[in-house]
Amino acid sequence: MPIIAPQMDTIGASGNVMRGGERRPITALFADIVGSTSIVERMDPEDWTEVVNEAFDRMTRTVKRYDGTVARLMGDAILAFFGAPVAHEDDPERAVRCALDMIRSIDELGVRVERDHAVKFGIRAGISTGPVFVGRVGTDAAHEYTAMGDAVNVAARMQAAARPGTVLITAATHRFIANVFDTVDLGPLEVKGKTEAVRAYEVTGVKADRASLRGLASTQSAMVGRDQQLEAMRSVFAVVRAGQGRMVSILGEPGIGKSRLLAEFRTEAEASDPSPVWVEGRCLSIGQTLPYHLVLDLVRSIVGVGAGADQAEVQAALERTLRTALGDEWLDAYAYLGQLLSVPLEPEVAARIAGLEMETVKRYVASIHRLLQAAAAERPIVLVCEDLHWADPSSIAVLGQLLPLANEMPLLCIATSRVDRTAPGWRLVSEVREIFADALTELRLEPLSGEQSRQLVANLLEIESLPPRVREFILTKAEGNPFFVEEVIRMLIERGVLVRKGELWIATDAVSDVEIPDNLQALLLARIDRLPESARHTLRVASVIGRQFGLKVLERVLEPIEAS
């Protein structure tokens with residue numbers, strides 16, 4: 001199947017025409033008000049309308065915050081989807097975060113509704129991921145942009161099976177988000193309209209420590225093709241251990257191995273004596289619209305709490321860390337960092353920050369500065385900012401003032417980023433080049449060579465006797481990208497194309513019929529959707545011609561289309 005199918009008209013299940021649609025993988029979110037029928041009986045219609053309107057307003061704003069699409073409002077329910085018309089590489093994660101935020105927001109509304117009307121008010125949500133057909137459905141007089149397919153129907157069934165105030169997801173969604181959220185496996189559920197049971201998971205919250213889904217559950221490989229870069233990081237760290245600050249930027253395309261290189265270095269660094277203080281912040285793909293979200297992650301790392309920590313845990317950890325690091329002078333830093341972390345402050349503490357809004361960034365910087373100085377008195381510090389291309393402008397402003405600390409203490413600052421010159425984070429990469437010059441080590445990761453890719457495949461599958469046609473299929477699809485190699489192998493194993501028998505991997509005859517893995521399709525769609533319409537149109541036409549073709553062939557095919 002091509003990554004982007006040609007636009008076409010199709011007939012929906014209801015008989016309506018879907019115009020200009022395309023096949024896409026999406027994640028559908030269906031949420032409804034629990035027990036709305038009984039609530040309506042106990043409320044004045046005007047009051048009920050007002051409450052429902054506010055609920056829909058809260059839910060639609062949440063969908064838009066995660067860059068999803070509201071497809072339909074239906075009395076007491078909302079249907080939204082993520083992945084169209086613009087795809088993101090983490091649409092399933094966005095959908096789950098959106099559902100959890102929806103429930104929190106409606107719970108806040110529910111407190112007021114129960115107080116004013118003496119009724120319980122809340123929602124539940126269901127989520128499913130899969131291929132659908134998206135486009136404008138209806139007539140010229142009345143139409144909507146929506147999605148049609150099994151994923152939408154199953155999301156509605158998951159919602160119906162969910163407990164009030166919870167999110168229920170399918171296994172198809174779970175495989176994408178298992179590293180981010182804690183879940184409970186509910187096993188197979190019989191759902192209306194499905195001949196086979198659907199495996200369901202209840203989402204219970206965000207993981208305290210985000211793991212990685214990259215790599216295969218049953219196989220692993222030593223890092224391949226990055227020895228030179230790892231040696232460069234060892235050399236830089238030796239300089240930092242000697243007392244001089246340094247900067248490292250790791251640049252490369254998605255899946256090229258930035259996080260893996262960083263993980264290898266961390267393992268070695270933490271085995272040294274003394275081991276460094278490791279401070280790490282990771283940007284979210286929605287982070288550019290979340291002020292200070294990278295700085296928040298860094299501060300949480302410094303005080304030792306994860307993203308899933310509750311308010312009381314954050315407050316206790318912040319106070320404990322600051323008292324230990326700063327002694328009697330801890331309170332000012334507590335006021336500013338407490339405000340940043342949104343922990344409740346006593347009136348006398350809050351008074352310390354009143355009227356100083358214009359100096360907020362400086363106060364944040366000064367407070368973090370003091371924490372790092374205290375830590376560096378005993379051990380070197382490694383300060384890591386992952387996925388800087390997703391950083392928000394506010395965090396970049398803070399980091400721009402923090403990084404000169406590398407000139408004052410044994411501090412190693414490491415930033416990983418894609419090469420995206422339009423992103424706010426790229427400004428920091430450019431500034432670092434100008435400010436640090438020789439103190440900066442820039443590592444650009446290139447695709448693996450053919451031999452390195454073959455070595456990676458051999459390591460992952462633990463056997464050299466893999467059929468050549470299977471190995472070449474993997475190498476062709478992956479094109480030297482380590483993550484792509486792993487995802488193609490994962491897909492082949494999951495679909496039964498590769499079957500392990502003892503110490504051997506046996507390939508079936510279906511290897512040539514396998515499509516692009518879902519993870520890679522989402523990643524590629526996200527990049528394609530950022531292109532101008534003319535470029536996307538050319539790609540659609542090219543996808544029909546085939547994987548390889550001459551430029552003149554494409555030009556000849558485009559001519560009659562453009563002429564019409």
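Residues numbered from 1 in each chain as written. Predicted model: local features only at pLDDT ≥ 70, side-chain atom pairs only at ≥ 80, totals over all residues. Heavy atoms only, no water.

Let's talk about the overall build of the protein
Okay, so step 1: Along the backbone of the protein there are 20 helices and 16 strands.
Okay, so step 2: The buried share of the protein, taken over its 564 residues, is 50%.
Okay, so step 3: Of the contacts made within the protein by residues no fewer than 6 positions apart, 70% connect residues no fewer than 24 positions apart.
Okay, so step 4: Put simply, the protein shows about 26600 Å² of open surface, and 50% of that area lies on carbon and sulfur atoms. (Helix = DSSP H or I, 4+ residues; strand = E, 2+ residues; numbered from the N terminus. Buried < 20%, exposed > 50% of the residue type's maximum accessible area, 1.4 Å probe, protein only. Contact = heavy atoms within 4.5 Å. Areas by Shrake-Rupley, 256 points an atom, 1.4 Å probe, with all protein chains shown as cover.)

Some words on the pattern of salt bridges
Okay, so step 1: Under the definition given, this model contains 30 salt bridges.
Okay, so step 2: A salt bridge links Asp90 to Arg94, with the nearest nitrogen and oxygen atoms 2.9 Å apart. Residues Asp90 and Arg94 agree in their burial class; the two are buried.
Okay, so step 3: Several salt bridges converge on common partners, so that one network encompasses Arg266, Glu270, Glu280, Arg282 and Glu386. (Salt bridge = Lys/Arg side-chain N within 4 Å of Asp/Glu carboxyl O.)

With respect to the packing of helix H13 (residues 393-402) against helix H14 (residues 424-436)
Okay, so step 1: Between H13 and H14, the least distance of the axes is 8 Å, while the angle of their chain directions is 15°. Here H13 is positioned roughly parallel relative to H14, judged by the angle of their axes. Every pair of crossing elements has a handedness; the one defined by H13 and H14 is right-handed. Of the residues in H14, those touching H13 at Pro393, Ile396, Ala397, Leu399 and Gly400 are Pro424, Gly425, Arg427, Leu428 and Glu431.
Okay, so step 2: By residue class, the composition of the contact of H13 with H14 is six nonpolar, two polar and two charged. (Axes fitted to C-alpha atoms, helices over the stretch in contact; angles between N-to-C directions. Parallel < 35°, antiparallel > 145°, perpendicular 65-115°, else oblique. Left-handed = near helix turned anticlockwise from the far one by under 90°. Nonpolar A, V, L, I, M, F, W, Y, C, P; charged D, E, K, R; others polar.)

Quick word on the sheet that holds strand E12 (residues 381-386)
Okay, so step 1: The five strands are arranged E11-E12-E13-E10-E14 in an open sheet whose pairing can be described as parallel. Strands at the two margins of the open sheet, each flanked by one partner only, are strand E11 (277-282) and strand E14 (440-444). The mean angle between the axes of side-by-side strands here comes to 15°, regardless of whether they run parallel or antiparallel.
Okay, so step 2: Relative to E11, helix H7 (residues 258-270) is tilted by about 165°, and along the sheet it contacts strand E10 (246-251), E11, E12, strand E13 (411-417) and E14. (Pairing = 2+ DSSP bridges.)

What to know about the packing of aromatic side chains
We describe a pair of aromatic rings using the distance from one ring centre to the other and the angle between the two ring planes.
Okay, so step 1: Counted under the stated rule, the structure contains five aromatic pairs.
Okay, so step 2: Consider the rings of Trp48 and Phe121, whose centres lie 6.3 Å apart with planes at 70°: the pair is edge-to-face. Placement of the pair is Trp48 in helix H2 (residues 45-65) and Phe121 in the loop between helix H3 (91-117) and strand E5 (123-138), with a sequence separation of 73 residues.
Okay, so step 3: Of the residues examined, Phe121 reaches a relative accessible area of 7% and is grouped as buried.
Okay, so step 4: A centroid spacing of 6.2 Å and a plane angle of 45° characterise the contact between Phe265 and Trp278, whose relative ring orientation is tilted. Taken together, the residues span a long stretch of sequence, with Phe265 in helix H7 and Trp278 in strand E11 at a distance of 13 residues.
Okay, so step 5: Phe265 gets classed as buried once you look at its relative accessible area, which sits at 2%.
Okay, so step 6: The class of Trp278 is buried, set by a relative accessible area of 10%.
Okay, so step 7: What links up through ring pairs into an aromatic cluster is the set Phe237, Phe265 and Trp278.
Okay, so step 8: Lying over the aromatic face of Phe176, Arg175 brings its terminal NZ or CZ to 5.0 Å of the ring centre. (Phe/Tyr/Trp six-rings, centres within 6.5 Å; stacked < 30°, edge-to-face > 60°. Lys NZ or Arg CZ within 6 Å of the ring centre and 35° of its normal.)

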